[in-house]
Structures are given as C-alpha cells and as structure tokens.
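# Understanding the architecture of this molecule
Take a look at the letters that make up each chain.
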Amino acid sequence: MEADPRAGRVPGWGDAMGAKSLRCLAAVLVGLALSTLAASAYEIGHTSTTYLDPARDNRQVGVEIYYPALTAGDDVPVAPPPAGGFPPLAFGHGYLMAYDDYDYVGTALVPFGYILALSRTEGGLFPSHEEFGKDLAFLVRKIQQEGANPASLFYGAVAATGAVMGHSMGGGASVLAAAEDPAITAVANLAAAETNPSAIAAAAGITAPALMFAGSNDCVAPPSQHQIPIYEALGSGCKALVTVTGGSHCQFAEYDYLCGLGEAGCPPPGLTRAEQHAIVVQLLRPWLAFVLRDDAGAWAEYQALLAEETGFTYLQDCEALAVETWPAPPPATAGADLRWVGVEPNPVLHRARITLATRRAGRVSVDILSPAGAWLGRLTGQAAVPGAVTLEWDGRDAQGRPLPAGIYFARLAGARGAARLILAR
C-alpha cells in the first residue's frame, strides 16, 4: 500500500507551503509554458474562518482560503489586484477527505490570481450532499461580498466572476451548487460522483460553461455511471469531459489513506499522481482564464492542448462555438516585428480595421480563428516603412463565405495570443 508522504507534518498549508506542496508545484509546472498565462506569480496567503449563512439559519460554513499575496503567510495583505479583481473558486472535498488533500490545486492556481476557498463542511460519515452544494455556492457569493466590505481582508480585490469546483462527492456537489445559483460563472470538477439529490438531474439546469475530468481506471466513481451521465445531462452551452488515460479516482487528490483503501480493488493507475495532476492543471488554467477572465488567447491555448490529446481523450460540445471543418492554415511567413494597436469597430458590422505596429518594413499577416481554434483565413498586407499598418476583415473565411455572427479571434501569424472579434450580422 502506498505510504503517506505527509507523515510527521501538521496537515494543511499553515506551514506555508510544506515540502509536499513544493513537490507538487514543481511537478505541475513541468511542461507548462502557457505564455498567455505567464503573468508574474503571486505568493500564497492563507486565512481560516467560519462564515454564517443567514439564508440557512446562520449555518456555519468553515473554510480555508488561499489568496494571491505579495508575501506568503497567514492573514497577510492581499496583493494589489488586476483590473477586474481575483476570481473566487469554491472547492468541495471528496467523501471523508480533507481540504488539504487538494494542495496541488492551490499551488497551481492561486499564484496566477485566483482566490481558492476550500470548504471544511460535510466531512462526517453521513454528509448532506444538498447542504454541501449550497455551501459551495454560498462561498462564491460570500467572498464576492467580502470584496465590497471595507472591513474585509478582501476589500476591493474580488472579481464579479467565480467558479465552483470539487472532487468526487465535492465534484457532484459542485454541480448541485451551479444549479442552485445560476449567477455562478463556471463549474469544473474532478471525478464527480452522483449525489443525493441527483447531480445528473441537476445538471440539466446548468447553462454555465463546464469542464469535467474523469479517470479511465476509476472504479470508485466509474465514468460510465457518474461523469458521463452528468456531462450528457449538462445544459451548458459549452462543456467538455476530459478522461485521463490510466487515471485513477484518488490520484485527482493528494495521497489519502481512506481514499486509497476505497479503491484497493481497482485497476492500478497507468500514470503517476504528479502526471495526473499535471494533465488537470495544464488544461484547467487556460480554461479558467477564458471563462473567468475572458482571455481569448487562453482559449486558443486550451483548444491547442485539447487537440494534442497527450495522456487523455476528450468530449467537447460548444454549441455557440461550433464550426465546420476548415482547411489547415498555410505556413506562416516571417513577417515584420509586430504588435497589436487595436481593432475597430468591434462588434464588427461589415468590416473590421485591424491596426498593427511594425518595427520594420515587410509583409504582415493576421490569422482569423474560430472560437474552437480552427483556422478560417489570413489577412495579409505590406508595410512600406516602419509604423502603423491596417488590415481589413470583411467577416468572410478563406473561401469567401460569410461567417455567421459570433465570436472569432485575430492572431498574429505564427505567434501566440489573440484579439477577440465579435461579428454581428
């Protein structure tokens, strides 16, 4: 049986990033070179508190909160937030599991500008799934309220967007939470388990974007009985189910003795715990950046990672983002040294003027992409001298066909990052 690597240390992150957390962070960062997310990393601050929910007879909701800070530690000041603030993420633990079984989620997300709230509720033998889901929805709302409270540690630092997340029982509870509160921006979960009341039934009432992870070797909450029915029932306009090849149920968390005992008869994992964590994080980070921060470049990164299918398979249904099969892009030319200046008008009614700045004369190119990352066409121009150059887009693809109204991306040919174009018809 797997030994507990946490033996001899106090549980939790109160030890300010213990050895386990640092090892997990190092493993997660291997192979992650997402330039659109490469903002300066924050340190991790921590506070422990209990909120009262007046809507449920002042129910006590215990929570461990990890947040972006300039210096690591307990109750240290929150770092100055970017425009829009830090999005809150409320995370639910698995059955009989602890909040610190998800250290890697915090070490991977908090330094990139998220507030992670790990619920301590419903940890007993007979948890209420319904109350657990309400706790997660409440935590998103409560932290957003704290952002408007001058007396709060989080005053002025919290975004209006937020997500619910969870593992196993907590994953099913995240579905209940999103159905409970339609103001929740997004839902993401790991090996989500069916709950009572039914997460499968609740999923039909969710319209928020959803990203689900499953493990092909999971026999605790087998995908065919849990994640796949939830995914199929989701009413989300854009949803995805990523199945980690050889992934196990418990390897979506840190080592947990009881969880490991529960999957003792399952097929052994086909990859290490660190490798399973890395697959989760490399997809979760750009997905969150898009759905919570409207980062079009991050969406392109996420779709590119999905297309590689390295260590996983996936299902995706994004009705508003669906496109036909388009031709592959021609090779990018070695154009001038470019940067964005602006796009106008945006929304695009008939034509868009895309203005770039070039440091030298030469050929300039911009690719037009679908929201799913498919190449639709290329705009090209010639800069006679260094300075500003403007390209025009008429809302058509490379074959001259008018594109339907929707969201598209303009990307410098051969480069990362993109500008969002809203096409109106």
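For the structure itself, consult the block above.
So, how was this worked out
Residues numbered from 1 in each chain as written. Predicted model: local features only at pLDDT ≥ 70, side-chain atom pairs only at ≥ 80, totals over all residues. Heavy atoms only, no water. Helix = DSSP H or I, 4+ residues; strand = E, 2+ residues; numbered from the N terminus. Salt bridge = Lys/Arg side-chain N within 4 Å of Asp/Glu carboxyl O. Buried < 20%, exposed > 50% of the residue type's maximum accessible area, 1.4 Å probe, protein only. Patch = residues over 30% accessible without salt bridge, like charges linked within 9 Å, V, L, I, M, F, W, Y side chains within 5 Å. Areas by Shrake-Rupley, 256 points an atom, 1.4 Å probe, with all protein chains shown as cover. Phe/Tyr/Trp six-rings, centres within 6.5 Å; stacked < 30°, edge-to-face > 60°.

### What about unusual backbone geometry?
For the bond from glutamate 344 to proline 345, the omega torsion is -10°, close enough to zero to count as cis. One can find proline 345 in the loop between strand S11 (338-344) and strand S12 (352-358). In this model, asparagine 346 is joined to proline 347 through a cis peptide bond whose omega is 20°. Tracing the sequence through the fold places proline 347 in the loop between S11 and S12.

### Overview of the pattern of salt bridges
Counted by the stated rule, this structure contains 15 salt bridges. Its salt-bridge partner being aspartate 181, residue arginine 141 comes within 3.0 Å of it at the nearest N-O pair. Taken together, the residues arginine 141 in helix H3 (residues 129-146) and aspartate 181 in the loop between helix H4 (169-180) and strand S7 (186-190) connect sequence positions 40 residues apart. Linking arginine 351 and glutamate 392 is a salt bridge whose minimum nitrogen-to-oxygen distance equals 3.5 Å. Of this pair, arginine 351 sits in the loop between S11 and S12 while glutamate 392 sits in strand S15 (residues 387-393); the two residues are 41 residues apart in sequence, bridging distant segments of the chain. A residue is classified by how much of its surface remains accessible, and arginine 351, at 46% relative accessible area, is partly exposed. A network of salt bridges, in which partner residues are shared, links Asp53, Arg56, Arg59, Glu122, Glu131 and Asp135.

### A short note on a nonpolar patch on the surface
Together, Tyr95, Leu125 and Phe126 give the surface a local cluster of nonpolar side chains, amounting to about 390 Å² of exposed area. Along the polypeptide, leucine 125 turns up in the loop between strand S5 (115-119) and H3.

### Concerning the packing of aromatic side chains
Within the structure shown, the criterion is met by six aromatic pairs. On the numbers, 5.4 Å between centres and 90° between planes, the contact of tyrosine 67 with phenylalanine 154 is edge-to-face. Remark: phenylalanine 154 occurs in the loop between H3 and strand S6 (163-167) and tyrosine 67 occurs in strand S2 (residues 59-69); sequence separation between them is 87 residues. With respect to burial, tyrosine 67 and phenylalanine 154 carry one shared label: buried. Geometrically, the ring pair formed by phenylalanine 91 and tyrosine 102 is tilted, given 4.7 Å between the ring centres and 45° between the ring planes. A residue pair is termed long-range when its members are at least 10 positions apart, and phenylalanine 91 in strand S4 (residues 88-92) and tyrosine 102 in the loop between S4 and helix H2 (103-109) qualify at eleven residues. Accessibility expressed as a relative area gives 1% for phenylalanine 91, which makes it buried.

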